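Here's the letter readout for the chains.
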Amino acid sequence: MNALIKEQIAIIRQRIALAAQRSGRPASAVRLMAVTKTVDDQRIMQAIAAGVDMVGENYVQEARRKIELMGKSMEWHLIGHLQSNKAKVAVRIFDMIHSLDRLELACELDKRSQMAGVVMKVLIEVNISGEDTKRGVSHGDALSLIRDVSALENLSVRGLMTMPPWFDDPEAARPFFIALRELRDRVAAEKLPRVEMRELSMGMSQDYQVAVEEGATIVRIGRSIFGERPQ
Ligand SMILES: *Cc1c(COP(=O)(O)O)cnc(C)c1O
């Protein structure tokens with residue numbers, strides 16, 4: 001089992017490096033996040049032993065237990081939907097929150113960050129496809145949300161995150177990755193305070209190579225490392 005996780009990670013890193021090269025960037029421009037929702041502790045620790053230094057969790061409670069157990073020698077990122085009433089815990093345990101999608105949550109995170117004495121790094125989650133089932137601020141409302149968030153002194157906006165629709169053919173996701181990158185460039189041109197458009201968190205097991213070709217700086221990968229999740 002250990003060997004398998006380690007091998008999978010090595011294969012993924014190699015594919016990331018090649019895709020980065022195709023985008024004219026070094027492999028070091030892209031970070032691999034291991035997505036660990038429903039993954040048991042032992043297998044997470046195997047991924048960490050194989051060099052993973054960034055872990056993504058979907059649920060605050062599940063993450064809290066794992067972080068208490070495994071410690072903070074790696075970064076823990078929240079990639080799932082965040083309810084405002086969990087903001088207090090979230091700012092204390094996570095290194096970055098990828099799912100900021102509304103002003104009400106931003107205000108709560110700002111307040112809780114101040115109380116905890118931290119400046120929380122956040123990504124703005126954009127519903128780039130406009131699908132009803134997807135979370136995230138709409139493409140049209142993203143810039144105005146980011147302008148509002150830039151006024152909050154205890155939040156540091158580091159970039160954008162998205163989940164494109166699911167396609168069998170990863171090429172079909174490419175236009176959505178391009179759209180996120182173009183939005184990133186538009187936001188960056190505004191030069192807002194506390195807003196650094198460094199990160200594009202995009203690409204999952206089925207489409208990360210395309211995402212890297214289009215500029216991803218963080219790819220979020222679960223199944224390709226750990227296998228299928230239980231239904
Ligand atoms: C589960 C999840 C992933 C990882 O998906 P895989 O298909 O397992 O690679 C990435 N991002 C988010 C937001 C997720 O919820």
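Look a little higher up for the structure.
Read on for a plain summary of the structure. (Residues numbered from 1 in each chain as written. Predicted model: local features only at pLDDT ≥ 70, side-chain atom pairs only at ≥ 80, totals over all residues. Heavy atoms only, no water.)

1. Observations regarding the overall build of the protein chain
Which entries qualify depends on this criterion: Counting from the N terminus, the helices are DSSP H or I runs at least four residues long and the strands are E runs at least two residues long. What the globule rule says is 2.2 Å times the number of residues to the power 0.38, and the radius of gyration is computed from C-alpha atoms. Residue exposure (1.4 Å probe, protein chains only): buried if accessible area is under 20% of the type maximum, exposed if over 50%, otherwise partly exposed. Whether two residues touch is decided by their heavy atoms; if any such pair falls within 4.5 Å, the residues are in contact. Charge counting follows a simple rule: Lys and Arg are positive, Asp and Glu are negative, and His as well as the terminal groups are ignored. Just so you know, the charge point we use is NZ for Lys, CZ for Arg, CG for Asp and CD for Glu.
Looking only at helices and strands, one finds nine helices and nine strands in the protein chain. Against the compact-globule benchmark of 17 Å for 231 residues, the protein chain has a radius of gyration of 17 Å, which places it among compact chains. Referenced to the eigenvectors of the C-alpha coordinate spread, the extents of the protein chain come out at roughly 45 × 40 × 35 Å. Burial analysis of the protein chain (231 residues in total) assigns 51% to the buried set. Summarising the internal contacts of the protein chain: among those between residues at least 6 apart in sequence, 59% fall at separations of at least 24. Considering the protein chain, the positive charge centre built from 33 side chains and the negative charge centre built from 31 side chains are found 4 Å apart.

2. Comments concerning the site of the ligand
Filter applied, for reference: Consider each residue's heavy atoms; a residue with any of them within 4 Å of a molecule or strand counts as near. By the criterion applied in these results, polar contacts are pairs of N or O atoms within 3.5 Å in which, for protein atoms, one can donate a hydrogen and the other can accept it, and in which residues neighboring in sequence qualify only through two side-chain atoms. The protein chains shown are the only cover counted for residues, whose accessible areas, like all others here, come from Shrake-Rupley with a 1.4 Å probe. The residue classification treats Ala, Val, Leu, Ile, Met, Phe, Trp, Tyr, Cys and Pro as nonpolar and Asp, Glu, Lys and Arg as charged. All others, Gly included, are polar.
Looking at the ligand, the residues that line it are Val35, Lys37, Asn58, Ile79, Met163, Met204, Ser205, Arg220, Ile221, Gly222, Arg223 and Arg229. Contact distances for the ligand include 2.7 Å between an oxygen atom and a side-chain N or O atom of Lys37. For the ligand, whose unbound accessible area comes to 390 Å², protein coverage reaches 95%. Across the shell around the ligand, the residue classes tally to five nonpolar, three polar and four charged.

3. With respect to helix H7 (residues 174-189)
Quick note on the threshold: The span you would expect from a helix comes to 1.5 Å times its residue count less one.
Taking 1.5 Å per residue, 16 residues should reach 22 Å; H7 reaches 23 Å between its end C-alpha atoms and fits that length. Buried within H7 are the following residues: Arg174, Phe176, Phe177, Leu180, Leu183, Arg184 and Val187. Note on H7: the residue one or two positions beyond its end, Lys191, has a positive phi of about 50°.

4. Focus on the pairing of strand E1 (residues 31-35)
What counts here: A strand pair is defined by DSSP finding two or more bridges across the two strands.
The element E1 is extensively covered by neighbouring structure, given that four of its five residues are classed as buried. Bridge count for E1 against strand E9 (residues 218-221) is four bridges, and the pairing is parallel. Bridge pairing links Ala34 to Ile221 in E9. Pairing analysis gives two bridges linking E1 to strand E2 (residues 54-57), with the strands arranged parallel. Directly across from Val35, in E2, lies its bridge partner Gly56.

5. Regarding the packing of helix H6 (residues 139-149) against H7
Short version of the rule: To get an axis, fit a line to the C-alpha atoms, keeping to the stretch in contact for a helix; angles then go from 0 to 180 degrees between the N-to-C directions. Working definition: roughly parallel below 35 degrees, roughly antiparallel above 145 degrees, roughly perpendicular at 65 to 115 degrees, and oblique for all remaining angles. Handedness of a crossing is defined here by the sense of rotation of the near helix relative to the far one, left-handed for an anticlockwise turn of less than a right angle and right-handed for a clockwise turn.
Packing of H6 against H7 brings their axes to within 11 Å, and their N-to-C directions diverge by 30°. In terms of orientation, H6 lies roughly parallel with respect to H7. Note on packing geometry: the crossing formed by H6 with H7 is right-handed. Of the residues in H7, those touching H6 at His139, Ala142, Leu143 and Ile146 are Ala179, Leu183, Arg186 and Val187. Considering only residue class, the contact of H6 with H7 consists of six nonpolar, one polar and one charged.

6. Comments concerning the packing of aromatic side chains
Pairs of aromatic rings are described using the distance from one ring centre to the other and the angle between the two planes. Here is the rule: In this analysis, rings of Phe, Tyr and Trp, with Trp reduced to its six-membered ring, are considered paired at centre separations within 6.5 Å, and the interplanar angle assigns stacked below 30 degrees, edge-to-face beyond 60, and tilted for intermediate values.
Evaluated as defined, the whole model comprises one aromatic pair. Between Phe167 and Phe176, the aromatic rings sit 6.0 Å apart at their centres with planes inclined by 25°, giving stacked as the arrangement.

7. Re the pattern of salt bridges
For clarity, the threshold we go by: Put simply, a salt bridge is a Lys or Arg side-chain nitrogen that is within 4 Å of an Asp or Glu carboxyl oxygen.
Using the criterion set out here, one finds 21 salt bridges in the structure. Residues Arg65 and Asp41 are paired through a salt bridge, measuring 3.1 Å at the closest nitrogen-oxygen approach. Of the two residues, Arg65 sits in helix H3 (residues 60-70) while Asp41 sits in helix H2 (residues 41-49), which places them 24 residues apart along the sequence. The class of Asp41 is buried, set by a relative accessible area of 19%. The salt bridge partner of Glu57 is Lys66, with a shortest N-O separation of 2.7 Å. Take Glu57 and Lys66: they sit in the same class, and that class is buried. By sharing partners, the salt bridges in this structure join Arg22, Glu171, Arg174, Arg181, Glu213 and Glu214 into a single network.

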